[in-house]
Amino acid sequence: MSRHFEAVKVTDKVYWVGAIDWGIRDFHGYTTPRGSTYNAYLIMGDDVILIDTVREPFKEELLARVASVTDPKNVRYIISNHSEPDHSSGLPWVIDQVKPEKVFASKVGLKDLDGYYHMGGIDKVDNGSTMRLGGVDLTFIDTPMIHWPDSMMTYMPSQKLLFSQDGFGMHLASSERFADEIPQGVLYEENAKYFANILLPYKQLIVKLLDKIKDLGLEIETICPDHGPIWRKNLQVPINTYYKWCAQEPTNKAVITFASMWGSTEIMARAIEDGMVSAGANVIVLPMKSSDRSVVVTEVLEAGALLVGSPTLNNGVFPTMADTLTYMKGLKPRNLVGAAFGSFGWSGEAVKVLNDYLEQIKVEIVSEPLNLQFVPDAEGIEQCRRFGEAVAARLKEVVQNGA
Ligand code: FEO
């Protein structure tokens, strides 16, 4: 092994031995302008235990970090908390290098790892069970759909430490390993972006998991996720933030996102914005010519209204809007009011497509779609302003009185 990488001590028995991916800018459709990390952890008990591995191109970085603490051949056990390839594609090579006595995963994890790597020989751990490995007790908690069906978390009572795989993670490459070392604005932004783009569809399961952790009485002083920084201070902050995002309580913020072809839909969007702001809403406008779908979803996470606009193109909707709304539909944001708008030359089908998307996202539709032909004139602009005012008024009611 030619390159040197240092492990980072997390507690007296646990080291971070993951990899930093400064270059990744797209994570299955989610833009990651600040890169990411694939975190793995080493437990130095009487035997050495590795928690998770890393994405395959970073496998040597992982073992180099292990080597800064102990000979990698001392790894006796590997626990795979999550089979998605960002955490497991390095696993077959790591197994080949260190030849562990046992590799453990959840019941579904066994099948997934076999499906990916055709690698039987993994041992199953049961939900809620505690196993003593190398003099260390570890408790396994199945967390299906956070983020995949196989996902589980591993709790280490002696260190009051939770290995939370994707939970409490974020795509943020940094030389700092701990959340309290990161500028808090950056931390909040990337935490929200990860939640909106990865975890939002599973918000009800996340609430149950958080409640379950409370009910189990687990004392947690450190949360070690599989992406981004480690949480070791003020853990109520990330936990309560998750509760808040799961609830998606509507706020007075509206997101207007649109595509435009020759500028008419953009004129409409700006007039709608003007109407909404006059009526007291906080508005963010995201033109799809310069925004991306994962930013739109992140802004929607803490919004109460969603307005979508498109010109009619070839009897349908503009491709960037179809992209964004298809993506958003899968992430299931909820508790939104909204409406669709657009411009057209001679047929005008786009607004119906947009409206259908809003219905599928279960947006409370405040107004019939506003569909204007060619370039909005003064009356058209006034219609847009009133349209914006109407959505803002309903948003205000929802925020004040509940939906
Ligand atoms: Fe980071 Fe679901 O993998």
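Residues numbered from 1 in each chain as written. Predicted model: local features only at pLDDT ≥ 70, side-chain atom pairs only at ≥ 80, totals over all residues. Heavy atoms only, no water.

**Student:** Is there a simple way to think about the domain arrangement of the chain in this case?
**Tutor:** It is common to report an interface's size as the accessible area lost on association of the parts. What the domain assignment reports for the chain is domain 1 (8-247) and domain 2 (253-398). On a C-alpha basis, the centres of domain 1 and domain 2 stand 38 Å from each other. Carbon and sulfur atoms supply 54% of the area that domain 1 and domain 2 bury against each other, a total of about 1,200 Å² over both sides. Where domain 1 meets domain 2, there are 1 salt bridge. The residue Glu302 makes a salt bridge to Lys244 at a minimum N-O spacing of 3.4 Å. (Domains from an automatic or database assignment. Buried area = accessible area lost by both parts, 1.4 Å probe. Salt bridge = Lys/Arg side-chain N within 4 Å of Asp/Glu carboxyl O.)

**Student:** Just to check I follow, could you spell out the sheet that holds strand β13 (residues 136-142) for this structure?
**Tutor:** Ordered in space as β12-β13-β14-β15-β16, the 5 strands form an open sheet in which the pairing is mixed. Edge positions in the open sheet fall to β12 (130-133) and β16 (222-225), since each of these has one partner strand only. Taking each pair of neighbouring strands and ignoring which way they run, the sheet shows an average axis angle of 25°. Where strand β14 (residues 152-156) lies against strand β15 (residues 161-165), 3 bridges are found, and the strand directions are antiparallel. Across the sheet, residue Met156 finds its bridge partner in β15, namely Leu161. Sitting on the sheet, helix α6 (residues 203-216) is in contact with β13, β14 and β15, with an inclination near 145° to β13. (Pairing = 2+ DSSP bridges. Helix = DSSP H or I, 4+ residues; strand = E, 2+ residues; numbered from the N terminus. Axes fitted to C-alpha atoms, helices over the stretch in contact; angles between N-to-C directions. Contact = heavy atoms within 4.5 Å.)

**Student:** Explain the pattern of salt bridges to me, please; I cannot follow it from the model alone.
**Tutor:** Side chains that differ in sign of charge can pair as their charged atoms come close. Enumeration according to the criterion identifies 25 salt bridges in this entry. In this structure, Glu221 engages Lys160 in a salt bridge whose closest nitrogen and oxygen atoms are separated by 3.7 Å. Note that Glu221 is positioned in the loop between α6 and β16 and Lys160 in the loop between β14 and β15, a separation of 61 residues in sequence. Residue Glu221 is classed as partly exposed on the basis of its relative accessible area of 45%. Residue Lys160 is classed as partly exposed on the basis of its relative accessible area of 26%. One continuous salt-bridge network, built from bridges that share partners, spans Asp180, Glu181, Arg232 and Lys233. (Buried < 20%, exposed > 50% of the residue type's maximum accessible area, 1.4 Å probe, protein only.)

**Student:** How should the environment of Lys362 be read in this particular structure?
**Tutor:** Here Lys362 shows up in the loop between α11 (350-360) and β23 (364-365). By relative accessible area, which is 56% here, Lys362 ends up exposed. Spatially, the C-alpha atoms of Lys362 and Asn401 are 19 Å apart, while their sequence positions differ by 39 residues.

**Student:** Can you help me understand the pairing of β14 in this one?
**Tutor:** On any regular strand, side chains alternate: one points to one face of the sheet, the next to the other face. The buried fraction of β14 amounts to 5 of the 5 residues, a majority that puts the element mostly inside the structure. For β13 and β14, the ladder comprises 4 bridges, and the chain directions are antiparallel. In the strand pairing of β14, Ile141 is matched with Met153. Hairpin connection of β14 to β15: 4 residues between the antiparallel strands, including Lys160 at a positive phi of 50°.

**Student:** Honestly, the packing of helix α1 (residues 59-67) against helix α3 (residues 91-98) in this entry has me stumped. Any pointers?
**Tutor:** Angle between the axes and distance between the axes are the two parameters that describe a pair of packed helices. Closest axis-to-axis distance for the α1/α3 pair is 10 Å, and the angle between their directions is 40°. One way to sum up the angle between α1 and α3 is to call them oblique. The hand of the α1/α3 crossing is right-handed. Between α1 and α3, the residues in contact are Lys59, Glu60, Leu62 and Leu63 and Trp93, Val94, Gln97 and Val98, respectively. In terms of residue class, the contact of α1 with α3 is made up of 5 nonpolar, 1 polar and 2 charged. (Parallel < 35°, antiparallel > 145°, perpendicular 65-115°, else oblique. Left-handed = near helix turned anticlockwise from the far one by under 90°. Nonpolar A, V, L, I, M, F, W, Y, C, P; charged D, E, K, R; others polar.)

**Student:** Whenever I open this one, the nonpolar core confuses me. Can you help?
**Tutor:** Looking at soluble globular proteins, one finds that nonpolar side chains tend to be buried together. In this structure, Val17, Leu50, Leu62, Phe195 and Leu306 are the most contacted members of the largest nonpolar core, which totals 85 residues. Tallying contributions element by element places helix α5 (residues 184-199) first for this core, with 7 residues. Taken domain by domain, this core gets at least three of its residues from each of domain 1 (8-247) and domain 2 (253-398). If we ignore the near neighbours within four places in the chain, the residues touching Phe195 are Leu200, Ile206, Tyr242, Trp245, Cys246 and Leu301. (Core = buried A, V, L, I, M, F, W, Y, C linked by side-chain atoms within 4.5 Å.)

**Student:** Explain the packing of aromatic side chains here, please?
**Tutor:** A complete count under the given rule lists 12 aromatic pairs for this structure. Both rings, one in Tyr77 and one in Phe104, keep their centres 6.2 Å apart while their planes meet at 40°; by these two values the pair is tilted. Placement of Tyr77 in strand β9 (residues 75-80) and of Phe104 in strand β10 (residues 102-105) is noted, with a sequence separation of 27 residues between them. Just as Tyr77 is buried, Phe104 falls in that class too. In this structure, Arg177 packs its charged tip against the face of Trp16, placed 4.2 Å from the ring centre. (Phe/Tyr/Trp six-rings, centres within 6.5 Å; stacked < 30°, edge-to-face > 60°. Lys NZ or Arg CZ within 6 Å of the ring centre and 35° of its normal.)

**Student:** So what exactly am I meant to see when it comes to the sheet that holds strand β11 (residues 123-124) here?
**Tutor:** Pairing in this open sheet of 7 strands is mixed, and the strands run β1-β2-β7-β8-β9-β10-β11 from one edge to the other. The sheet is open, and its two edges are formed by β1 (8-9) and β11, each paired on a single side. Pairing geometry for β1 and strand β2 (residues 14-16), over 2 bridges, is antiparallel. Looking across to β2, one finds that Val8 is bridged to Trp16.

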